[in-house]
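Report on the structure
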Amino acid sequence: FYHRLGQQPYRRNQLGGASGAIYALAFSPDGLLLAGGGEDGDVRLWNVGATAPEGTTMPLVTFPGNAGVFRLSFSQDGTRLFSTTSGSALILGLK
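Residue indices follow the written sequence of each chain, beginning from 1 at its first position. A pLDDT threshold of at least 70 governs which residues receive local features in this predicted model, and a stricter bar of 80 or more applies before side-chain atom pairs are shown or counted, although totals over entire chains, interfaces and linings include all residues. In computing side-chain properties, one takes all heavy atoms of the structure into account and sets aside hydrogens as well as water.

**Considerations on the packing of aromatic side chains**
The criterion, for reference: Classification of ring pairs rests on two measures: the distance between centres of Phe, Tyr or Trp rings, Trp counted by its six-membered ring, which must be within 6.5 Å, and the angle between planes, read as stacked under 30 degrees, edge-to-face over 60 and tilted in between. In this description a helix means any DSSP run of H or I spanning at least four residues, a strand means any run of E spanning at least two, and both kinds are numbered starting from the N terminus. Categorising residues by exposure relies on relative accessible area from a 1.4 Å probe, with only protein chains included: less than 20% of the type maximum marks a residue as buried, more than 50% marks it as exposed, and the intermediate range marks it as partly exposed.
Applying the stated criterion across every chain yields a total of one aromatic pair. On the numbers, 5.6 Å between centres and 5 degrees between planes, the contact of Tyr23 with Phe70 is stacked. Residue Tyr23 is found in strand β4 (residues 22–27), and its partner Phe70 is found in strand β9 (residues 69–74); the two are separated by 47 residues along the sequence. Overall, the relative accessible area of 44% leaves Phe70 in the partly exposed class.

Structure representation (structure tokens):
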């Protein structure tokens, strides 16, 4: 997460939990959740709407996978997360 003081940006927080490159990111419609996925095949959800202490923010939940995640998208109501890999598509229920 980056914040601005005047014109000088500085890093306040870092998202943790991923092992490998991140290929896809998506914000929930309300802007409170950030989904990420990449080469390790896992889909992670971070609560970016909460005030967190400086440091590394660990994911709220990790959905394990075995193929790289290339696209992520939330449904309009934020209750589902769509994930595609090189060989499959998943719909994850969130609420």
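Past the structure itself, the notes keep going.
**Some remarks on the pairing of strand β10 (residues 80–85)**
Look at any regular strand and the pattern is simple: side chains alternate between the two faces of the sheet. Defined as follows: By definition, two strands form a pair when at least two bridges between them are found by DSSP.
What you see with β10 is a clean split: Leu81, Ser83 and Thr85 sit on the buried side and Arg80, Phe82 and Thr84 on the side with no burial. By the bridge criterion, five bridges tie β9 to β10 in an arrangement that is antiparallel. Of the residues in β10, the one forming a bridge with Phe74 is Leu81. Direction of pairing for β10 relative to strand β11 (residues 89–93): antiparallel, over a ladder of five bridges. Bridging across to β11, Thr84 finds its partner in Ala89. Hairpin connection of β10 to β11: three residues between the antiparallel strands.

So, to be careful, I would describe these as geometric facts and stop short of saying anything about function.
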